[in-house]
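# Structural description and commentary
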Amino acid sequence: MSVTVRLATPLRAAAQGSASLSFEATDLGSLAREITARYPELAARVLRDGEFGRFVNVFIDGEDARFLDDGDLRGKRTVEILPAMSGG
Amino acid sequence: MAITLERITPLRGLRCRACQVLQPADTRYICAECYGPVEPEYDLAASDANALREKIARGPHSLWRYADLLPVAEPASHFPVGWTPLVRAPRLGAAIGIANLFIKDDSRNPSLSFKDRPVAVALARALELGLDTIACASTGNLAGAVAAAAARNGLRAFVFVPATTDEGKIAGAAAYGATVVRVLGTYDQVNRLCARLADEEGWGFVNFTLRPYYAEGSKTILFECAEQLDWRLPDHVVVPVGSGALLTRTATAAAQLRQTGLVDDTPFRIHAAQPAGCAPVSDAVLDGYREVRPVRDPNTVARSLAIGAPADGDGSVGIIRASGGSAASVSDAEVQGACALLASTEGVLAEPAGGVVVAAAKALATRDVFDDNGSVVLYITGNGYKGTLDAGLLKPPIAADADEFRAAYAEVLG
Ligand SMILES: Cc1ncc(COP(=O)(O)O)c(C=O)c1O
Ligand SMILES: [Zn+2]
């Protein structure tokens, strides 16, 4: 199951400058493991205890992953990783 | 095109709130090491408190009187923002059970909300960088502030709001000449769109690419309160929370006031006010200062505070806890009642966010949070004339007839 991970500009330096990456993953957990294996620098910044979070928000086909309790990626195409920012 | 400003502030760089690494104040807007939030850091130790107080007293009647504690210099072109009244509120205090109550009336700003403060600082940075367009994702008030600032400075503006935003606020932003983009969905969905656009367009997105500067503007409301209290921190402040930028920077401001010796190190407790229909921060505080759980579908009359996934949410919870503060969440009915009470007891007409603060203060007073009899400052951050009023509570119109008037209003006349 292949998903495209889109990275916001400030995150790209930790992934050799790539704007999007392709992974084989069936859920967010396996995606996190893949990122850890292939892009340890990126993993160190976007993961905490093996889970996405810390200072980024993850969107699966446009939906905030925190509202999708299982993090299922089967049949999904795009995972977007954006810095957590907002304000009024 | 680029306007070069002489940097007069002793800015050291941007420091990450999370990993503490100090970085250059270039165009970065998040920490390069951990993607955490970065904040300007100043050389403050060298300043002499008395000299600084005098310098501030001689400064302009705007937030730029605190230029030494801001990351950019005042742009020559902008209108005055800030230096709003801090007034005693005895009648409101009696009504909600707080003896020593003050209102910081920040509804009196050029575009009628406190958002003119963060925008003033973000705008100065945008001019410094030579940008010709500023933009934002907004729950309504920020849109007006960005649009007004752009108009004042001859810049282009794009503002993105949820389609459900108060109509008067949208119309106001459009009247200032901004391109107003209404987006179907919640603020958080608007935010996601804008995070992407901020990345791809070269605009000064005040709450993304200019965020470290934007957030600094929110410190100035507490700077003013302290100066207006003759250089003392209030004992308590009740802060409306959307993204949490205002609350977290209120703590930053207190730290800088203490560090410079402008105020003594007296106890200063920060309390959060949120509407029950979108209270991720207040709920986390009241649930034992746990992690913030985002709210998917905010539903409240206080639409300006309807941010379900606040970026500075966990930061706010940590600050409230460390300050010894608490929080309250209040119903729509309480919010509307509190707006009416504030207007009729003190002559200050606030938008629903102000009602949230007043109702939250009342709830906190009921829980004896202010039992130290200390001073309590309520941040009233938005004006009631911004298109959030509802005349539905009024009686039907009458004929121009004295008897009809006396009959219809018998209970008021008594
Ligand atoms: C009137 C008003 N008060 C308070 C806030 C909260 O500010 P912040 O997003 O910095 O928490 C906002 C905007 O979000 C607002 O429009
Ligand atoms: Zn960091």
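Residues numbered from 1 in each chain as written. Chains lettered and ligands numbered in written order. Predicted model: local features only at pLDDT ≥ 70, side-chain atom pairs only at ≥ 80, totals over all residues. Heavy atoms only, no water.

Formed by 48 residues in total, the largest nonpolar core has its most connected members in L11, L31, L42 and F52 of chain A. Lining this core are residues from two domains, each supplying at least three of them: domain 1 (11-69) and domain 3 (132-202 + 390-413) of chain B. Excluding its chain neighbours within four sequence positions, the residues that come into contact with L11 of chain A are L42, V46, V56, I81 and P83 of chain A together with I30 and Y35 of chain B. Judged by nonpolar contacts, the second largest core, of 42 residues, contains V241, A251, L257 and L262 of chain B. (Core = buried A, V, L, I, M, F, W, Y, C linked by side-chain atoms within 4.5 Å. Buried < 20%, exposed > 50% of the residue type's maximum accessible area, 1.4 Å probe, protein only. Domains from an automatic or database assignment. Contact = heavy atoms within 4.5 Å.)

Residue and element names in this part refer to chain B. Here Y35, not a glycine, exhibits a phi torsion of approximately 65°, which is positive. For Y35, the location among the structural elements is in the loop between β2 (22-23) and β3 (38-42). Residue D230 is not a glycine yet carries a positive backbone phi of 55°. Secondary-structure assignment places D230 in the loop between α8 (220-228) and β10 (236-240). Since its relative accessible area comes to 66%, D230 is described here as exposed. (Helix = DSSP H or I, 4+ residues; strand = E, 2+ residues; numbered from the N terminus.)

This part takes up the site of ligand 1. As a structural note, the neighbourhood of ligand 1 is formed by 16 residues, with N141, G242, S243, G244 and T381 of chain B the closest of them. With respect to ligand 1, its neighbouring residues span chains A and B. A245 of chain B places a polar main-chain atom, nitrogen or oxygen, 3.4 Å from an oxygen atom of ligand 1. A distance of 3.3 Å is found between an oxygen atom of ligand 1 and a backbone nitrogen or oxygen belonging to S304 of chain B. (Near = heavy atom within 4 Å. Polar contact = N/O pair within 3.5 Å; in protein donor to acceptor, adjacent residues only side chain to side chain.)

Glancing now at the pairing of strand β7 (residues 78-83) of chain A. Residue and element names in this part refer to chain A. The element β7 is extensively covered by neighbouring structure, given that five of its six residues are classed as buried. Pairing between strand β1 (residues 2-7) and β7: four bridges, direction parallel. Following the sheet pairing, L7 is matched in β7 by I81. Looking at chain direction, strand β5 (residues 56-60) and β7 are connected through five bridges and run antiparallel. Paired with V58 across the bridge in β7 is I81. (Pairing = 2+ DSSP bridges.)

What follows concerns the pattern of salt bridges. Residues and elements named next belong to chain B. One pass over the full model with this rule turns up 35 salt bridges over all chains. For K169, the salt bridge goes to D166, with nearest N and O atoms at 3.2 Å. Each of the two residues, K169 as well as D166, counts as buried. Between E411 and K395 there is a salt bridge, and its shortest N-O distance comes to 3.1 Å. Placement of the pair is E411 in helix α15 (residues 410-413) and K395 in the loop between β13 (376-380) and α14 (402-408), with a sequence separation of 16 residues. Classification of E411 as exposed rests on a relative accessible area of 56%. Judged by relative accessible area, which is 34%, K395 ranks as partly exposed. (Salt bridge = Lys/Arg side-chain N within 4 Å of Asp/Glu carboxyl O.)

On to the environment of A76 of chain B. Topologically, A76 of chain B is positioned in the loop between α1 (49-58) and β4 (86-88). A C-alpha to C-alpha distance of 35 Å links A76 of chain B and F268 of chain B, two positions 192 residues apart in sequence.

Okay, the coordination of the zinc ion (ligand 2) next. Geometry sets the ideal angles at a metal, namely 109.5 degrees for four tetrahedral donors and 90 or 180 degrees for six octahedral donors. Residue and element names in this part refer to chain B. Surrounding the zinc ion (ligand 2) are the protein donor atoms C16 (SG), C19 (SG), C31 (SG) and C34 (SG), at 2.3 Å. Coordination at the zinc ion (ligand 2) is tetrahedral: its four donor atoms span angles of 101 to 118° at the metal. Mapped onto the sequence, the residues coordinating the zinc ion (ligand 2) show the spacing C-x2-C-x11-C-x2-C. (Donors = N, O, S within 2.8 Å, 3.2 Å for Na, K, Ca; no water. Tetrahedral: all angles 85-135°; square planar, octahedral: opposite > 155°, others 65-115°.)

Turning our eyes to something else, we now look at the side chain of H236 of chain B. All names here are of chain B. With respect to the element layout, H236 can be found in strand β10. Among the polar contacts made by the side chain of H236, one reaches the side chain of D372 at a distance of 2.9 Å. Those residues in contact with H236 that sit more than four places away from it in its chain are R269, H271, V369, F370, D372, S375, V376 and V377.

What follows concerns the domain arrangement of chain B. Residue and element names in this part refer to chain B. Split into domains, chain B comes out as domain 1 (11-69), domain 2 (86-113 + 218-380) and domain 3 (132-202 + 390-413). When each unit is reduced to the centre of its C-alpha atoms, the spacing between domain 2 and domain 3 is 22 Å. Between domain 2 and domain 3 the total buried area reaches about 940 Å² when both faces are included, carbon and sulfur atoms providing 44% of it. Taken together, the connections running from domain 2 to domain 3 amount to two salt bridges. Of the charged contacts in the structure, one is a salt bridge between K169 and E351, with a shortest N-O distance of 2.9 Å. Counting the contacts that link domain 2 with domain 3 gives six residue pairs in polar contact (both at pLDDT 80 or more). (Buried area = accessible area lost by both parts, 1.4 Å probe.)

Time to look at the packing of aromatic side chains. Here the structure, examined in full by the defined rule, presents seven aromatic pairs over all chains. Between F23 of chain A and Y39 of chain A the ring centres are 6.0 Å apart and the planes differ by 75°, which places this aromatic pair in the edge-to-face class. With F23 of chain A in strand β2 (residues 20-24) and Y39 of chain A in the loop between α1 (28-38) and α2 (40-46), this residue pair connects regions lying 16 residues apart in the sequence. One exposure class covers both F23 of chain A and Y39 of chain A, and it is buried. Every member of this aromatic cluster is reached through a ring pair, and the members are F158, F160, W203, F205 and F208 of chain B. It is R65 of chain B that lies over the ring of W83 of chain B; its NZ or CZ is 3.9 Å from the centre. (Phe/Tyr/Trp six-rings, centres within 6.5 Å; stacked < 30°, edge-to-face > 60°. Lys NZ or Arg CZ within 6 Å of the ring centre and 35° of its normal.)

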